[in-house]
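Structural overview for review
Chain residues, written in single-letter form:
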Amino acid sequence: MQAPFEEQRTGQSTMALLSGEGEMHLPIVTSRVRPMRGDSYFGKCVIRLLERDSPTSATIAWSDSTSCFYGAQLWRRCAAKKGGVCSLSGQTIARGDAVYRPRRVQPTPRNVEAMILAAVLETVSVEERI
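In what follows, the accompanying structure is described. Being a predicted model, the structure only gives us computed values, none of them experimental.

Definitions and cut-offs
Residue positions within a chain follow its written sequence, with the count starting from 1. Local features in a predicted model are, by the rule used here, given only for residues with pLDDT of at least 70; side-chain atom pairs are given and counted only at 80 or more, and totals for whole chains, interfaces and linings are based on all residues. Side-chain calculation: all heavy atoms of the structure are included, whereas hydrogens and water are not. Here, a salt bridge means any side-chain nitrogen of Lys or Arg that lies within 4 Å of a carboxyl oxygen of Asp or Glu. Labels follow the DSSP assignment, with helices taken as runs of H or I lasting at least four residues and strands as runs of E lasting at least two, numbered in each case from the N terminus. Only protein chains enter the accessibility calculation, which uses a 1.4 Å probe. A residue is then buried if its area is under 20% of the maximum for its type, exposed if over 50%, and partly exposed in between. Strand pairing is assigned whenever DSSP identifies at least 2 bridges connecting the two strands.

1. Brief notes about the pattern of salt bridges
Counted under the stated rule, the structure contains three salt bridges. With its nearest N and O atoms 2.4 Å apart, the salt bridge here joins R77 to E122. Taken together, the residues R77 in strand β3 (residues 68-79) and E122 in the segment after α2 (118-121) connect sequence positions 45 residues apart. Given the relative accessible area of 36%, R77 is considered partly exposed.

Printed below as a string of structure tokens:
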């Protein structure tokens, strides 16, 4: 059983929050994506090619038990803006290489920094487990 003072304080705190007078801690929202444990991180995920939407886009299922799951994520072909590692093959990606990347949407996908070499993805069959 709470002491009368504690009951009163709890009631006052509740009323202050409901009336907007209390201090509220809102979640911090940011569109900035932090690198997740270096280049080798994306090599530990399960990737499936679901559909080739056009010559420059593909729908991919991306699953990583420690960070994210995207059942149908649109990836687009582009030139790599910086070097990296192919999430599918582990091959080195140089700036300017043709790659597929997740489409930027809000909220920003956790795997937004991932890249797959176009030459590698284009050899994979639809629905083949990679």
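Still more ground to cover, so stick around.
2. A short note on the pairing of strand β1 (residues 46-54)
Within a regular beta strand, the side chains point alternately toward one face of the sheet and then the other, so they alternate between its two faces. Two elements, β1 and strand β2 (residues 57-64), share seven bridges in a ladder whose sense is antiparallel. Each bridged residue has a counterpart across the sheet, and for E51 the counterpart in β2 is T59. Once β1 ends, the chain turns through two residues before running back antiparallel as β2.

3. Quick look at the pairing of β3
In the sheet, β2 pairs with β3 via seven bridges, with the strands oriented antiparallel. Residue T59 lies in a different strand from β3, and its bridge partner there is L74. Hairpin remark: β2 followed by β3, antiparallel, with three residues in the connecting loop. In this sheet, strand β6 (residues 98-102) lies alongside β3 in antiparallel orientation, the contact comprising five bridges. Its bridge partner lying in β6, W75 is registered against P102.

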